[in-house]
Amino acid sequence: MIAGIDLGTTHSLVGLMESGFPVLIADSEGRRLTPSAVWFPKGGEPVVGWAALEQKATQPALVVTSIKRLIGRRPGEVSEASTGSAIEAGADGSLRVVVGGQALRPEEISALILSKLKSDLEKSCGVPVDRAVITVPAYFNDAQRAATKRAGELAGFTVERILSEPTAAALAYGLDRLGERSKVAVYDLGGGTFDISVLELNCGVFEVLSTNGDTALGGDDLDTALAKFWNIFLIDAEKIKRALTDSESFEWDGRTFLRSELEAICLPLIERTRRHCLRSLSDAHLETSALDAVVLVGGATRMPVVRKFVAEIFGREPDVSQHPDEAVALGATIQAGILEGGLQNLTLLDVTPLSLGIETFGGLMNVIIPRNTTIPCKAGEMFTNAVANQSAMSITVLQGEREMARDNWPLGRMDVTFPQAPKGQARVGVQFELDANGILHVLARDTSTGLDTLIDIQSAVEVSDEAVEKMLGDSLEHAFEDMDERIFTEAKLKADEMLPAVDTALNALGDEVPGEVRAAIFALVEKIRSALQTRSTSDLKNLLRELDAVTEPLAAALIEKTLG
Ligand code: ADP
Ligand code: MG
């Protein structure tokens, strides 16, 4: 049996297929949601769930919440404010959470939550369950997915699949309700993250057409804004927020809180989800009218203001038949059922949130797997040496949408050696394989020896998740400059190659080149040098074209001469 687990920022849930149906596990008090909170009592064993959350108010330093905001991150990428926990860099530079006199890795804390879910599950079904499907936000990068997988393993699970949350939600929604080629948008506003995905059901297979989001936006941020505005504690702000979901006003601590006031405070934050929705639709090449359903997921989507907002953006009423807190866990459980072999006709396809590639000559980004490619996938390209007698090549793996390598994020670097070869003669094949868990395996092969070099990319993206968001914005904002720089760089590389070659040809041919041709070539070369100086891209391209035409007879003469 395989467990389906929604490892949430604020709440986690676990389910199992029973007699062909996905069933979520409740605790002894009938609650299916387990707070993703861990309490480290002095001198005792860690406690997970409601009992831990209860200690938060009185012993905040001993209770860790929102650990999902830290998993797979590096110390410089996150602030203590994002979780309220003390963090430091361990001896190996990795992030540690300091709690109860210990310095723990985020995945060790997530593992405690998963262990609790595992034991609740085993208690409920009476047999050991040691395989699991675990969900993550669509925006999680390699490092965050890999760390989540390690958390599962630390808890004693074999992690069969890391699944994107919106994909899981669509799966829970769509099994029995969608017709062939239906398109669904999943809007997930949880405690700590926002995800929007557009999926298509095609021949019984869900395909993610696009995904977008903000991993630093959720119900927690609404609480922070409300607490600040009303000058009250966070915990109270959350309580009042929930109450105002069901009624227009709420009396508390001698004060009256109004839904209209809450909506005015929250709307600017909710408004931030708009451009992600629009981007996701345009990435999927869809108009809102082409959607068959808009599904709401995540506790914060219970708020009337969020529902109104989603209806406005998508021009239709969102579907509210799903239990927003349970859809993801239900989908994970259904995926577990598929992997068990019980539900054979459905497999899931996911997509890459950002492009993956390597740095090439001139500092350009060479995309190998474009953004929004369905995974698992494999792609490769052949590269050669830029310099004669080179015997090694350094390959930098990049993630991002910008044209220049320096504007993207380095994921890893590998050195490939090969026998010395003249310029352009070495052949190194680079292959990217993105597995079903979204983890990247990079292989470089020297085709002359067949020797392979592999790298482990799991060492993290050196940037924060907020930056993923920024990357997409920047790539739009700088689209024209970026493109111009790419075209200039490509032209410059061509000039770097042509100028010495023309020189060589003129020397070799000597007097055979008529004086006026020689003068025309020199004049062009001068102009090219100055276009390189002034970085005038279109001049440079035109001049290179002219030089090409003028020197063509030279090249022919040179070949003739060589052949004798
Ligand atoms: P996650 O997937 O990040 O763990 P959930 O889907 O459990 O998050 O959503 C948690 C968020 O939903 C919290 O910010 C919580 O305050 C909010 N939430 C839950 N129920 C309600 C409600 N009735 N009204 C408003 N917000 C709610
Ligand atoms: Mg969630």
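First, a word on what this report is: a plain description of the structure on this page. Given the structure is predicted, the values throughout are model-derived calculations rather than measurements.

## Focus on the site of ligand 1
- Around ligand 1, 18 residues are found, and the nearest of them are T10, G191, E238, K241 and T245.
- The backbone of A300 places a nitrogen or oxygen atom 3.1 Å from an oxygen atom of ligand 1.
- For ligand 1, whose accessible area on its own is 570 Å², the fraction buried by protein is 92%.
- Considering every element that reaches the shell around ligand 1, the biggest residue donor is helix α6 (residues 234–246), with four residues.

## With respect to the sheet that holds strand β9 (residues 95–99)
- One open sheet accounts for three strands, arranged β8-β9-β10; its pairing is antiparallel. One side of each edge strand has no neighbouring strand; the edge strands of this open sheet are β8 (86–89) and β10 (102–104). For this sheet, the mean angle separating the axes of adjacent strands, direction not counted, is 40°.
- Pairing geometry for β9 and β10, over three bridges, is antiparallel. Opposite V99, over in β10, you have Q102 as the bridge partner.

## Digging into the side chain of T9
- Among the structural elements, T9 can be located in the loop between β1 (2–7) and β2 (11–18).
- When near neighbours in sequence (up to four residues on either side) are disregarded, T9 contacts S36, S66, K68, R69, G192 and D220.

## So, helix α9 (residues 304–314)
- Of all the residues in α9, the buried ones are V305, V306, F309, V310, A311, I313 and F314.
- For α9, the secondary structure elements touched by its buried residues are β13 (183–189), β14 (194–202), α7 (259–271), α8 (274–283) and β18 (293–297).
- Residue G315 follows α9 closely and has a positive phi angle near 65°.

## A look at the environment of T34
- Locating T34 in the fold gives a position in strand β4 (residues 34–35).
- Once you skip the residues sitting within four places of it in the chain, T34 turns out to touch T10, H11, S12, V48, G49, W50, K116 and L117.

Calculation rules
Residues numbered from 1 in each chain as written. Chains lettered and ligands numbered in written order. Predicted model: local features only at pLDDT ≥ 70, side-chain atom pairs only at ≥ 80, totals over all residues. Heavy atoms only, no water. Near = heavy atom within 4 Å. Polar contact = N/O pair within 3.5 Å; in protein donor to acceptor, adjacent residues only side chain to side chain. Areas by Shrake-Rupley, 256 points an atom, 1.4 Å probe, with all protein chains shown as cover. Helix = DSSP H or I, 4+ residues; strand = E, 2+ residues; numbered from the N terminus. Pairing = 2+ DSSP bridges. Axes fitted to C-alpha atoms, helices over the stretch in contact; angles between N-to-C directions. Contact = heavy atoms within 4.5 Å. Buried < 20%, exposed > 50% of the residue type's maximum accessible area, 1.4 Å probe, protein only.

Taken by themselves, the reported measurements are silent on function.
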